[in-house]
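Chain and residue survey
This is what each chain is made of:
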Amino acid sequence: MNIKKILSILSMLYSLVTSASYLHLVEREENQESLKKIILPPKESNTYDEWQSGVYSKLHKEGKITLKKAVASYLNKRYYHEKIKFTPKKEEDGFFNLFNSQQTMTFDTHLGRSKICDLEIKAIKRQDGSIYIIGNDQNFHTYEYIPSKWPSLELSRKRVIENIKEKFHSDFRIKVKDKCYLSESKELKPVWIFSIHLNGLPYEYYADDNRLYKKERKFFHLDGVTGKTQVYEENSTDSNLVEYDIQLDGDGTLKNSFFETFTNPTSKYGHERAYSKDHSFIYTPSDTEFNEVSVFTHANNMLSYFKSIGYVWAETNNIILNIYAPSRGSNGRNNALYVPSNESFNGKTSINIGDGDGHDLQNLLTDTDVVSHEFGHHVQYRTLKTASGESLILHEGIADFFAFAKTDDACLGESICPEGSDSCFLISECLRTADNNLRLNDSDYSSMTPHHKSQLLSGMLWDLKADLDLNYLAKLTQKSIDFLIVDSGFYHFILALMTADEYLGQGMNSCKIYDAAINRGFGTMLENLDCKEVSQWPEDQETTENLRDEDEKEALKKNEATCGSISKINKLPFTFILFSLLFPFLLILCYQSFGVAYSRRT
Ligand SMILES: [Zn+2]
């Protein structure tokens, strides 16, 4: 076989061998002055033909050295930097041939004692004994300067942590994995590689003390993709739109393991679902899809936030984001509901949100607080499942607090109150607010609807912000949910906060929580409680109205699919009965979250 023929076969092979390009390094020149300079030129020049007639090939064919050694010596001699060494990868590293043959040899590239990140060279033996070499040249450049000092590990780790916290509101684990030289902007940068465990999946991050250079997923999934969305970060009072990367199932719609949209295409105010073949959901506020994209993105962001303060997703199904959800009254557009088990969606959980008629309420689909609040109900529903009495007020107050904590803003639904509408507690400003002076059993409190009363609880939590870090406070509140029962009320909640603080803060903040509760008028309830002597806590101070016998509690638990027992409808506030009577099927709808528009009419 002559050289020309080999070359033509090789060039054909070249085009077949993945996207990896041939690695070409410049030969050592005679009288080379600076050994610090590495030049890796474009791929036009060839080397494999020379290998064919090369001395190492000959030595190997004569059985004098192994093929592996032959190729390593060849590479080391031919590509000239004093510090660059090509070393065969060991089979125990997992780089063995699938067919257990000796047809390929893979080489790492070391500079001094450290690897060049991800640079790999592979020599492939063809059937006729000839060798060709491929490599990923990664835009190699001329390296004039090779730093010898490694960046601070601690500062590099700090850069990675900052980046993760900025992008994800999730807990994560970080471990140092390795270090290597990264080819970046015509330089070899010494970087640290960190293994990250985030949202249950592994990643690798490459960083130095200055910045993060790259991150890689260390997993493959069947058909999941990263989609792009564009929304207001919080609401339409934001001047800029923000883009987000969101994991999607990859069917071209807004669907992932956590949420899925439903847009009521056949109803009067509904629309077709957004579809994007390349998973890019970049719309502007004038596009109808913008609403759907906003709810989906904000729901995912809220989930990330909850995860960052300790929430563990354990749901079997994703949650349906049922938007333009029809309900009657005021065109059925001015409400948002959390439905633990929605028969319309085979018993899946749904969050139903109307778009707002623009008169009573508006922008319900683009304001992050709305879906944040509803998802807050979902988080609490693990333990607290009752939608009446103190439990309802508590549910609403905690759901509001989480929405406030995420945005560090005590106004719920900044953009949803139309000019002149009296649907909002603060006219034209906030549906509800934690920035208030409500006290238990004060006359203005007593005359309020449960939704407005809930501001007492969110307000008490917000008061604690003066003494506690907001992130800690949010963690504490979420942890406290574990210490509630199906129909807990205020007293249980205050005890739960103090118990959560024992776990998360060694009980250091017990008296702060106690004082905050006293300031909001819970004094009578807490008479026998000493915040300094936690071991002396009385067992229960709940008002008898909130205590049920064990049988009834058990029945309530079993009935969780319908979120409370039908018998309890008698105890529901009138607004809820009105709502339920209008729509018998809504007996299953537990939380009339944006019920202000309705309560106003009662
Ligand atoms: Zn609510």
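Remember, predicted model here, so these are calculated numbers, not experimental data. (Residues numbered from 1 in each chain as written. Predicted model: local features only at pLDDT ≥ 70, side-chain atom pairs only at ≥ 80, totals over all residues. Heavy atoms only, no water.)

**A few points about the overall build of the protein**
- Looking only at helices and strands, one finds 17 helices and 18 strands in the protein.
- Considering only contacts within the protein whose residues lie at least 6 apart along the sequence, 62% involve residues at least 24 apart.
- Summing over all exposed atoms, the protein offers an accessible surface of approximately 28,600 Å²; the carbon and sulfur share of this is 49%. (Helix = DSSP H or I, 4+ residues; strand = E, 2+ residues; numbered from the N terminus. Contact = heavy atoms within 4.5 Å. Areas by Shrake-Rupley, 256 points an atom, 1.4 Å probe, with all protein chains shown as cover.)

**Overview of helix H5 (residues 153-167)**
- Spanning 15 residues, H5 covers 21 Å between terminal C-alpha atoms, matching the ideal 21 Å at 1.5 Å per step.
- Burial in H5 covers these residues: Ser-156, Arg-157, Arg-159, Val-160, Asn-163 and Ile-164. Buried residues of H5 fall within an arc of 155° about the axis and therefore sit on the same side. The exposed set on the far side of H5, more than 90 degrees from its buried face, consists of Lys-165 and Glu-166. (Expected span 1.5 Å × (residues − 1). Buried < 20%, exposed > 50% of the residue type's maximum accessible area, 1.4 Å probe, protein only. Arc of directions from axis to C-beta.)

**What about the nonpolar core?**
- In this structure, Ile-353, Phe-375, Phe-401, Phe-493, Phe-522 and Leu-526 are the most contacted members of the largest nonpolar core, which totals 91 residues.
- Once residues within four sequence positions are removed from consideration, Phe-522 is found in contact with Leu-440, Leu-456, Met-460, Phe-490, Ile-494 and Ala-517.
- Of all hydrophobic cores here, the second largest spans 23 residues; its members include Phe-107, Trp-192, Tyr-205 and Ala-207. (Core = buried A, V, L, I, M, F, W, Y, C linked by side-chain atoms within 4.5 Å.)

**Here's the deal with the state of the cysteines**
- One pass over the structure, following the stated rule, counts four disulfides.
- One disulfide in the model links Cys-511 with Cys-531; its S-S distance is 2.1 Å. Across the S-S bond linking Cys-511 and Cys-531, the dihedral sits near 95°, which makes this disulfide right-handed. With a gap of 20 residues between them, Cys-511 in helix H14 (residues 510-519) and Cys-531 in the loop between H14 and helix H15 (550-558) connect regions that are remote in the sequence. (Disulfide = S-S within 2.5 Å.)

**A short note on the packing of helix H12 (residues 470-481) against helix H13 (residues 490-505)**
- Axis separation between H12 and H13 bottoms out at 8 Å; the angle between their running directions is 120°. Relative to H13, the crossing made by H12 is right-handed. Contact with H12, carried on its side by Tyr-472, Lys-475, Leu-476, Thr-477, Lys-479 and Ser-480, involves Phe-493, Ala-496, Leu-497, Ala-500, Asp-501, Tyr-503, Leu-504 and Gly-505 of H13 and no other residues of that element.
- For the contact of H12 with H13, the residue count by class is eight nonpolar, three polar and three charged. (Axes fitted to C-alpha atoms, helices over the stretch in contact; angles between N-to-C directions. Left-handed = near helix turned anticlockwise from the far one by under 90°. Nonpolar A, V, L, I, M, F, W, Y, C, P; charged D, E, K, R; others polar.)

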